[in-house]
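Reading the structure
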Amino acid sequence: MPRPAPPEQHDPADPRQAGGDLFGAELAAATASAAAGAATTGAAAEASGAAAAADEGAPLAERLRPRTLDEVIGQAHLLGPGKPLRVAFESGRPHSMIFWGPPGVGKTTLARLMADAFDAQFIAISAVLGGVKEIREAVAAAQQARQRGRRTILFVDEVHRFNKAQQDAFLPHVESGLFTFIGATTENPSFEVNGALLSRARVYVLEPLSHDDLERLFARALERGAGRPEAAAAPAAATAAGAAGAAGAAGTGAGVAEAAVTFDAPARERLIGWADGDARRLLNAIEIVVAAARAQGRTSVDAAYLETAMSQNLRRFDKGGEVFYDQISALHKAVRGSDPDASLYWLARMLDGGADARYLARRIVRMASEDVGLADPRALALALDAAEAYERLGSPEGELALAEAVVYMACAAKSNAVYVAWKRAGAFVQEHGSAPVPMHLRNAPTRLMKGLGYGRGYRYAHDEEGGYAAGERYFPEGVEPQRFYEPVERGLETRIREKLAWQRERDSTQDDSAQDPRDPQEPNG
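Residues numbered from 1 in each chain as written. Predicted model: local features only at pLDDT ≥ 70, side-chain atom pairs only at ≥ 80, totals over all residues. Heavy atoms only, no water.

What about the overall build of the chain?
Looking only at helices and strands, the chain features 24 helices and seven strands. Looking at the chain as shown, the accessible area adds up to about 26200 Å², and 52% of this sits on carbon and sulfur atoms. (Helix = DSSP H or I, 4+ residues; strand = E, 2+ residues; numbered from the N terminus. Areas by Shrake-Rupley, 256 points an atom, 1.4 Å probe, with all protein chains shown as cover.)

Take a look at the structure:
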């Protein structure tokens, strides 16, 4: 672990310590104002967060936030006995880390619990709303805390939203131990976080909450006030839950007056399915439905009532980013695997989750070229027709054309021979450079070019037996002829394979000792 630099050795004007161009000499001035600025995002946020959690007007997800690690629901692969994050909490030695996972699984909550566990100052920055000013204030506040002998945990939410320069600004302070860096991201950090910062932080993958986890969360949310009217008088008195963070877990939070409203089993299942692994989404939905029910004097909620209480259709919500690309991968592989039913399932999942149908249309065209290929050339035309049909009809009518194309792709004969051949050809060209075009293959539109021999000796294939100039060479001189394309024995490519075999047989039987059929005096075409 890098040794922290003593406070008296810090030079605000030194870009190696101040984070380069983002700070420089301005950090000294920022330190003077950090007490006010950083208090908003740092130490004062701890007190205000506790107050907000105790405020009965705070969202249910805030009021039911865990106060200890044992109250967290989900992430057993990280928080169970002997698991990585549990060990990190128990070690007493915090380290920089990045939490990668979808919304509502507990990223912010875990960061705050870690600050509590290590009695560290907690500073939170949102990369969506913050910028250079907030980074300067956070560094200045961390320096002040170090002088008081206190650790700092700097939490950067949506860290992938910061650009390269902003991410680089954290590096010298992570190295010096000024603060422990914890980033949260919904995107793959391999692509979205700078390699230098990534190498200094351990990545923990947080998973969507399981159905069982969400059932426990649902029960916990209701039991805080179910059948207990007295909860209305002091809905926050029973909790001192931490400040903001993901509602991926529920603690021993306050009783909720609204919890007197009950949900039948089908209603619970629909809300849990709709939450799609997002705890915050589930708790917010419960709060909305309960408030609507109480306003109408209802004491119970069934599945039918949900349709009127919610502001949008109760469907599974599929997020973008990594989950989105996992789903398009599943669709592509189902088509490649010739399973029309699974292909329709993933197409429906993505359209239902709000995916751009035009993007899906483009991917279907790609499937036609990559996985069906010349085994059934009609697939590409059908895919393009489906894309055009969607452009004309829009949703939902145009979605049927996409479904038709997907089913056709899944049922069609498969060949990736063209795809493989194209990759081979590209790799070969990169390796062998730019050989000149042979003279007999060059175009000769002018008398000068003809005089220089352009096109001389070219054999016009249509004039040859079978329309094939056996033994003719089309690769450049000095480049050994290659065989990139190997048709499969499926669909139309069976016939293509037979034709290529016939051509190669004719090439092999060409009499090498025979006179070159090219007439050196009479260029042909």
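Here we look at helix α21 (residues 399-411)
In a regular helix each residue adds 1.5 Å, so 13 residues correspond to 18 Å; α21 covers 19 Å between its end C-alpha atoms and thus fits that length. The set of residues buried in α21 consists of A401, L402, A403, A405, V406, M409 and A410. (Expected span 1.5 Å × (residues − 1). Buried < 20%, exposed > 50% of the residue type's maximum accessible area, 1.4 Å probe, protein only.)

Some thoughts on the side chain of K414
Positionally, K414 belongs in the loop between α21 and α22 (417-432). Buried and unpaired, K414 has no salt bridge, with D371 as the nearest side chain of opposite charge at 8.2 Å. Excluding its chain neighbours within four sequence positions, the residues that come into contact with K414 are V335, R336, S338, D371, V372, A375, M409, V488 and R490. (Lys, Arg positive; Asp, Glu negative; His and termini not counted. Salt bridge = Lys/Arg side-chain N within 4 Å of Asp/Glu carboxyl O. Contact = heavy atoms within 4.5 Å.)

Notes on the environment of R362
Summarising the element assignment, R362 is placed in helix α19 (residues 357-372). Overall, the relative accessible area of 52% leaves R362 in the exposed class. Separated by 22 residues in sequence, R362 and L384 place their C-alpha atoms 8.5 Å apart.

Here we look at helix α7 (residues 107-117)
Of all 11 residues making up α7, nine are buried, and the element is well covered by its neighbours. All of the buried residues along α7 are K107, T108, T109, L110, A111, R112, L113, M114 and A115. Buried residues belonging to α7 abut α5 (76-79), α6 (84-91), β1 (97-100), β2 (121-126), β3 (152-157) and β4 (180-185). Among the residues trailing α7, D119 stands out with phi positive, at a value near 50°.

A word on the packing of aromatic side chains
Taken as a whole and assessed by the stated rule, the structure comprises nine aromatic pairs. Look at F99 and Y204: their rings are 6.3 Å apart centre to centre, the planes differ by 50°, and that puts the pair in the tilted class. Within this pair, whereas F99 is found in strand β1, its partner Y204 is found in strand β5 (residues 202-205), the two being separated by 105 residues in sequence. The exposure classification of F99 matches that of Y204, with both residues buried. A ring pair is formed by Y468 and W502, whose centres lie 6.2 Å apart and whose planes are at 50°; its orientation type is tilted. You can see Y468 sitting in the loop between α23 (447-451) and α24 (493-509) and its partner W502 sitting in helix α24, a full 34 residues away along the chain. Here Y468 falls in the buried class, since its relative accessible area comes to 15%. In this structure an aromatic cluster arises from ring pairing among F162, F170, F179 and F181. Above the face of the Y305 ring, R298 is positioned so that its terminal group lies 4.3 Å from the ring centre. Across from the ring centre of Y454, 5.1 Å away, lies the NZ or CZ of R442, which sits over that ring. (Phe/Tyr/Trp six-rings, centres within 6.5 Å; stacked < 30°, edge-to-face > 60°. Lys NZ or Arg CZ within 6 Å of the ring centre and 35° of its normal.)

What about the nonpolar core?
Burial of nonpolar side chains together is a common tendency in soluble globular proteins. Of all hydrophobic cores here, the largest spans 54 residues; its most connected members are L85, F99, F263, L271, L282, I286 and V301. The biggest single contributor to this core is helix α15 (residues 279-295), with nine residues. When neighbours within four sequence positions are excluded, F263 is seen to be in contact with F218, L222, R268, L271, I286, V289, V290 and V301. Listed in part, the 29 residues of the second largest apolar core include I328, M350, V365 and A386. (Core = buried A, V, L, I, M, F, W, Y, C linked by side-chain atoms within 4.5 Å.)

Here we look at the sheet that holds β2
Strand order in the open sheet made by the five strands is β2-β3-β4-β1-β5, with parallel pairing throughout. Either end of the sheet is taken by a strand with one partner, and the two such strands are β2 and β5. Put simply, the sheet's adjacent strands are angled 20° from each other on average, direction ignored. In the packing of α7 onto the sheet, the strands contacted are β1, β2, β3 and β4, and the crossing angle to β3 comes to about 175°. (Pairing = 2+ DSSP bridges. Axes fitted to C-alpha atoms, helices over the stretch in contact; angles between N-to-C directions.)

Examining unusual backbone geometry
With omega at 5°, the peptide bond leading from S395 into P396 counts as cis. Of note in this structure, D119 is not a glycine but carries a positive phi near 50°. Counting through the fold element by element, D119 comes out in the loop between α7 and β2. With a phi close to 60°, S338 is a non-glycine residue in the positive phi region. Note on placement: S338 falls in the loop between α17 (321-336) and α18 (340-352). We classify S338 as partly exposed; its relative accessible area is 38%.

Description of the packing of helix α20 (residues 378-393) against α21
Close contact between α20 and α21 brings their axes to 8 Å; oriented N to C, the two are set at 165°. Classified by the interaxial angle, the pair formed by α20 and α21 is roughly antiparallel. Of the two elements, α20 crosses α21, and the hand of that crossing is left-handed. Contacts from R378, A379, L382, A383, A386, A389 and Y390 in α20 reach E399, A401, L402, E404, A405, Y408 and M409 in α21. By residue class, the composition of the contact of α20 with α21 is 11 nonpolar, no polar and three charged. (Parallel < 35°, antiparallel > 145°, perpendicular 65-115°, else oblique. Left-handed = near helix turned anticlockwise from the far one by under 90°. Nonpolar A, V, L, I, M, F, W, Y, C, P; charged D, E, K, R; others polar.)

Quick look at the confidence of the model for the chain
Residues shown with low pLDDT carry predicted positions that ought not to be read at fine detail. A residue-level look at the chain finds 77% of positions with pLDDT of 70 or above and a mean pLDDT of 78. The secondary-structure element of the chain with the lowest mean pLDDT is helix α1 (residues 15-18), recorded at 35, while α21 shows the highest, at 95. Under a pLDDT of 50 for its full length, residues 513-525 has, in the predicted model, 17 contacts with residues more than four places off or in other chains. (pLDDT = per-residue confidence, 0-100.)

Some remarks on the pattern of salt bridges
Summed over all chains, the structure comprises 18 salt bridges. A salt bridge links D70 to R86, with the nearest nitrogen and oxygen atoms 3.2 Å apart. In this pair, D70 is assigned in the loop between α4 (60-63) and α5 and R86 in helix α6, connecting sequence segments 16 residues apart. Among the ionic pairs, E137 bridges to K133, the shortest N-O distance being 2.8 Å. Taken together, the residues E137 and K133, both in helix α8 (residues 132-147) and four residues apart, mark about one turn of the helix.

Describing the pairing of β2
Here β2 runs beside β3; their pairing, made up of six bridges, is parallel. Bridging across to β3, A124 finds its partner in F155. Once you follow β2 into α8 and on to β3, the crossover reads as right-handed. (Right-handed = clockwise from strand over helix to strand, strands pointing away.)

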